[in-house]
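Per-entry structural report
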Amino acid sequence: MHFLGFIWNPADTLFKIGFLQIKYYNLLWIIAFALGWFIMKRIFLKEKKTVQELDSLFIYTVIATMLGARLGHVIFYDWPYYSNHLLEILLPIRERAGSSLFGLINGYEFTGFTGLASHGAAIGIIIGMYLYTRKHKGFKMLWILDRVVIPVAIGAFCVRLGNFFNSEINGKIVEKSFLFATKFVRDSDDMPASSVMRITKEKTVNAAYKALENNPQFSEYLEAIPYRHPAQLYEGICYIFVFLILHFLYWKTEKKNHPGYLFGLFLVLLWTIRFFVEYVKKSQGGFEESLGLLSTGQWLSIPFILIGLFFMFKPRRG
């Protein structure tokens, strides 16, 4: 691996225990939630809240995030497929000819929870926080949102790093001479698994991709894979700065006492980053073809930015 022609070809699975697969993407989601709990624990202790209240909030957040992210992907990006595969909406499986799920159900494979949309996750979290405050009357919704966005920002970095390991949500094609040009060997458009197994005649997907990269016999196929922007890293690194800004404002200023300000700033920063990164990201599908001009991700980001500006600059009482 090196700059000026960076080849990226990791297996998406960290290790296996029987039929159970631990993938980098799923592990990074777990890390995101663990970091979120740790950060919120510090905030709750500072604000004289109980760990029991935090544990309840954590459960609401996990469920709301995963459910919102999944439904967001299904509705915004891939409804034509899922309308005919309803079982796959909430189960970590996908129909695939020749596969066998746990050796018991033919025609399906275990995929883990892939196909998640950040816009859906944001909507899910907001709804989840509303439901939490309905049950826990001692909390105001904006109080929760102003604080939960801090761990959400670093969680967003973890998710984008997971996308990078998965070689998904890649950027548009660039020249090899570009500083961060990355050849995503496992890009599902440039070299899908079915194609690499047909070319190499290997029996497993990982063996096939390794052979494609390392066996000179397949060098022409490797050379044909284009270099792309590592858009996931652009986005993820920017999210680290969003986290640092929010963390600083909460701990070092009085902005946390202005209801809605940190929440609004989070929306403006995160979705503005998303809006501009979309210019170097390859199309993720959705409804952009019918609307034109902007990508699906950009159209979905605009309302969040406007809502964020409202909460940042709305008149303060008193």
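Scroll up to find the structure.
Residues numbered from 1 in each chain as written. Predicted model: local features only at pLDDT ≥ 70, side-chain atom pairs only at ≥ 80, totals over all residues. Heavy atoms only, no water.

A count of helical and extended segments in the protein gives twelve helices and eight strands. Over its C-alpha trace the protein gives a radius of gyration of 21 Å, about what one expects of a compact globule, namely 20 Å for 318 residues. Judged by the C-alpha coordinates and their principal axes, the protein covers about 75 × 50 × 40 Å. The buried share of the protein, taken over its 318 residues, is 47%. For the protein, long-range pairs separated by at least 24 residues make up 66% of all intrachain contacts whose partners lie at least 6 apart in sequence. (Helix = DSSP H or I, 4+ residues; strand = E, 2+ residues; numbered from the N terminus. Rg over C-alpha atoms; globule rule 2.2 N^0.38 Å. Buried < 20%, exposed > 50% of the residue type's maximum accessible area, 1.4 Å probe, protein only. Contact = heavy atoms within 4.5 Å.)

Along its 25 residues, helix H5 (residues 141-165) runs 35 Å from first to last C-alpha, staying within 8% of the 36 Å computed at 1.5 Å per residue. In H5, a bend of some 30° at valine 149 exceeds every other bend along the element, and proline 151, a proline, comes one to four places later. Counting buried residues in H5 gives 20 out of 25 residues, a clear majority hidden from the surface. Directly beyond the C-terminal end of H5, a positive phi value near 55° is found at serine 167. (Expected span 1.5 Å × (residues − 1). Bend = angle between axes of the 7 residues up to and from the residue.)

Quick look at the side chain of serine 167 now. The residue serine 167 is located in the loop between H5 and strand E6 (173-174) in this model. Serine 167 sits in the buried class, given a relative accessible area of 4%.

Further remarks concern the packing of helix H1 (residues 24-46) against helix H2 (residues 51-77). Packing of H1 against H2 brings their axes to within 10 Å, and their N-to-C directions diverge by 145°. Classified by chirality, the crossing of H2 by H1 is right-handed. Side by side, H1 and H2 meet where Trp29, Phe33, Trp37, Met40, Lys41 and Phe44 of the first sit next to Val51, Glu53, Leu54, Asp55, Leu57, Phe58, Thr61, Val62, Thr65 and Met66 of the second. The residue inventory of the contact of H1 with H2, partitioned by class, reads eleven nonpolar, two polar and three charged. (Axes fitted to C-alpha atoms, helices over the stretch in contact; angles between N-to-C directions. Left-handed = near helix turned anticlockwise from the far one by under 90°. Nonpolar A, V, L, I, M, F, W, Y, C, P; charged D, E, K, R; others polar.)

Across soluble globular proteins, nonpolar side chains show a tendency to be buried alongside one another. With 45 residues, the main nonpolar core has Phe44, Leu57, Ile144, Ile150, Leu246, Phe266 and Trp271 as its most contacted residues. The set of elements that each furnish at least two residues to this core consists of H1, H2, helix H4 (118-135), H5, helix H9 (231-252), helix H10 (261-277) and helix H12 (296-313). Residues in contact with phenylalanine 44, not counting those within four places in the same chain, are Lys49, Thr50, Glu53, Leu54, Leu57, Phe139 and Trp143. In this structure, Ile199, Ala208, Leu222 and Ile225 belong to the second largest nonpolar core, which totals eleven residues. (Core = buried A, V, L, I, M, F, W, Y, C linked by side-chain atoms within 4.5 Å.)

Here the structure, examined in full by the defined rule, presents 23 aromatic pairs. With a centroid separation of 5.8 Å and 40° between ring planes, the pair formed by tryptophan 29 and phenylalanine 33 is classed as tilted. Of this pair, tryptophan 29 and phenylalanine 33 both sit in helix H1, separated by four residues, roughly a single helical turn. Take tryptophan 29 and phenylalanine 33: they sit in the same class, and that class is buried. Taking the centre distance of 6.4 Å and the plane angle of 75° together, the rings of phenylalanine 180 and tyrosine 234 count as edge-to-face. (Phe/Tyr/Trp six-rings, centres within 6.5 Å; stacked < 30°, edge-to-face > 60°.)

Below, the discussion takes up unusual backbone geometry. Comment: phi is negative for the bulk of residues other than glycine, and the bulk of peptide bonds are trans. Even without glycine at this site, lysine 48 takes up a positive phi of about 65°. Residue classification places lysine 48 among the exposed positions, given a relative accessible area of 73%. At lysine 201, a position not held by glycine, the phi torsion is positive, near 65°. Structurally, the position occupied by lysine 201 is in the loop between helix H6 (193-200) and helix H7 (205-214).

Here asparagine 170 lies in the loop between H5 and E6. Spatially, the C-alpha atoms of asparagine 170 and valine 74 are 19 Å apart, while their sequence positions differ by 96 residues. Beyond its immediate sequence surroundings of up to four residues, asparagine 170 is in contact with Phe184, Asp187, Arg228, His229, Ala231, Gln232, Lys281, Lys282 and Gln284. At 3.0 Å, the side chain of asparagine 170 forms a polar contact with the backbone oxygen of serine 167. (Polar contact = N/O pair within 3.5 Å; in protein donor to acceptor, adjacent residues only side chain to side chain.)

Glancing now at the environment of tyrosine 130. Among the structural elements, tyrosine 130 can be located in helix H4. In this structure the C-alpha to C-alpha distance between tyrosine 130 and histidine 247, which are 117 residues apart in sequence, comes to 23 Å.

Take the side chain of lysine 183 next. On the secondary structure map, lysine 183 appears in strand E7 (residues 182-184). It turns out lysine 183 is buried and unbridged, and the closest side chain with the opposite charge, glutamate 223, is 5.1 Å from it. (Lys, Arg positive; Asp, Glu negative; His and termini not counted. Salt bridge = Lys/Arg side-chain N within 4 Å of Asp/Glu carboxyl O.)

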